[in-house]
Amino acid sequence: MATFPFSSALVTGASSGIGEAMVELLAGTGIHTVVVARRSDRLDELAARFAADVEVLVADLTTSKGLAKVVARVADPDRPIDLVVNNAGFGTSGVFHELDADRLQGEIDLNIAALTRLSHAALAAMVPRGRGYLLNVSSVASFQPAPKLAVYAATKAYVTSLTESLHEEARGTGVHVTALCPGLTRTEFQSVSNTEGYSTQYPGFAWLTSQEVAVGGLRDVAKGKALSVPGALYKGMVGAVGVTPRGVARRLAGLVQRG
Ligand SMILES: NC(=O)c1ccc[n+]([C@@H]2O[C@H](COP(=O)([O-])OP(=O)(O)OC[C@H]3O[C@@H](n4cnc5c(N)ncnc54)[C@H](OP(=O)(O)O)[C@@H]3O)[C@@H](O)[C@H]2O)c1
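Here's what I pulled together on the structure shown here.

## Considering the site of the ligand
Near the ligand there are 30 residues, and of these Ser-16, Arg-38, Asn-87, Tyr-152 and Thr-187 occur at the shortest range. Arg-39 is positioned such that a nitrogen or oxygen atom in its side chain is 2.8 Å from an oxygen atom of the ligand. Separating a nitrogen atom of the ligand from a side-chain N or O atom of Asp-60 is a distance of 2.8 Å. Of all elements in the fold, only α1 (17-28), α5 (150-169) and α6 (189-193) reach the threshold of two or more residues within the shell around the ligand. Grouping the amino acids of the shell around the ligand by side-chain chemistry returns 12 nonpolar, 13 polar and 5 charged.

## Focus: the pairing of strand β6 (residues 175-180)
Within β6, 5 of the 6 residues are buried, leaving the element largely enclosed by the surrounding structure. Crossover handedness for the path strand β5 (residues 132-137) to α5 to β6: right-handed. Across 2 bridges, the pairing between β6 and strand β7 (residues 227-228) is parallel. The partner of Leu-180 across the bridge, within β7, is Ser-228.

## Brief notes about the nonpolar core
Within the largest apolar cluster, 45 residues are counted, with the highest numbers of intra-cluster contacts made by Phe-6, Met-22, Leu-26, Leu-83, Leu-135 and Leu-218. Among the elements that line this core, the one with the most residues is α1, at 6 residues. Within the second largest apolar cluster, 29 residues are counted, among which are Ala-59, Val-70, Val-175 and Val-177.

## A closer look at unusual backbone geometry
For Lys-148, which is not glycine, the phi dihedral falls at a positive 75°. Residue placement: Lys-148 occurs in the loop between β5 and α5. Judged by relative accessible area, which is 36%, Lys-148 ranks as partly exposed. Backbone geometry at Asn-194 places phi at a positive 60°, although glycine is not the residue there. Positionally, Asn-194 belongs in the loop between α6 and α7 (198-201).

## With respect to the packing of aromatic side chains
According to the stated counting rule, one finds 4 aromatic pairs in the structure shown. Aromatic side chains Phe-4 and Phe-6 sit 5.6 Å apart centroid to centroid with 15° between the ring planes, which places their arrangement in the stacked category. Given the relative accessible area of 17%, Phe-4 is considered buried. When its relative accessible area of 4% is taken as the criterion, Phe-6 is described as buried. Plain terms: the ring middles of Phe-6 and Tyr-133 are 4.9 Å apart, the flat faces sit at 75° to each other, and that makes the pair edge-to-face. Residue Phe-6 is located in the segment before β1 (8-12), and its partner Tyr-133 is located in strand β5; the two are separated by 127 residues in the primary sequence.

The rules behind the values
Residues numbered from 1 in each chain as written. Predicted model: local features only at pLDDT ≥ 70, side-chain atom pairs only at ≥ 80, totals over all residues. Heavy atoms only, no water. Near = heavy atom within 4 Å. Polar contact = N/O pair within 3.5 Å; in protein donor to acceptor, adjacent residues only side chain to side chain. Helix = DSSP H or I, 4+ residues; strand = E, 2+ residues; numbered from the N terminus. Nonpolar A, V, L, I, M, F, W, Y, C, P; charged D, E, K, R; others polar. Buried < 20%, exposed > 50% of the residue type's maximum accessible area, 1.4 Å probe, protein only. Right-handed = clockwise from strand over helix to strand, strands pointing away. Pairing = 2+ DSSP bridges. Core = buried A, V, L, I, M, F, W, Y, C linked by side-chain atoms within 4.5 Å. Phe/Tyr/Trp six-rings, centres within 6.5 Å; stacked < 30°, edge-to-face > 60°.

Here it is as structure tokens:
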């Protein structure tokens, strides 16, 4: 079993997928973990697996009340959190102008606004303590445009950019800031984002498990890396995008979406 340098953690989006896998690793090694999501039954069931080590915080991060509750927990000086994982997020597949505008706004509210507010609360608490870890879950989709997942890729480009900037700002403070950029990972993301077709479109070797992603992200934030890209395939892909002319990468992304 892995050992981590955190004594307490808070994970948003803990009720399924990558967030749940992170909680299993953290609480499984005895780290006090605050779990955040909207589905209280899922969180209660998760907490029951680890008895005293899991604290349930039910919140919708797209509401000001829900977000304020989680910000207050992160900022609480009497119960400091060592590791904050901004993992909650979702996507919406389809042609931009045909999608529901309110849903896209909710995506921006969660993937960008809530993540920014919680990153601010985390660093405002951690930097004066001279210690802490912030792990923001982005995506390999943050490195190039993604037609038919346009808003999602744009929100994740924001997350990677913000997180890399914060990584540099925090250099030398004792606080580590990392962007976790997974590729295709089998979770509820596919049903929520209406990308279930990806299961047949992409070969088995392209898929990561949420456990692989969770292990990679927690290991890399503990090491103080700026970027964490789990899996050799996606490490190679991100490297290739970095040396591909922007117009070529954009055109290829469009062709992939046309199938
Ligand atoms: N799966 C992939 O292929 C993939 C690839 C790259 C990056 N990612 C990123 O990985 C992160 C985790 O996604 P996942 O794949 O594990 O998907 P998932 O299984 O759908 O999990 C998403 C989590 O976010 C929570 N959530 C959604 N809306 C929320 C809200 N308004 N307030 C609070 N919590 C909310 C969900 O809980 P409730 O519904 O209970 O609130 C759930 O726990 C996301 O940021 C996603 O963009 C996923």
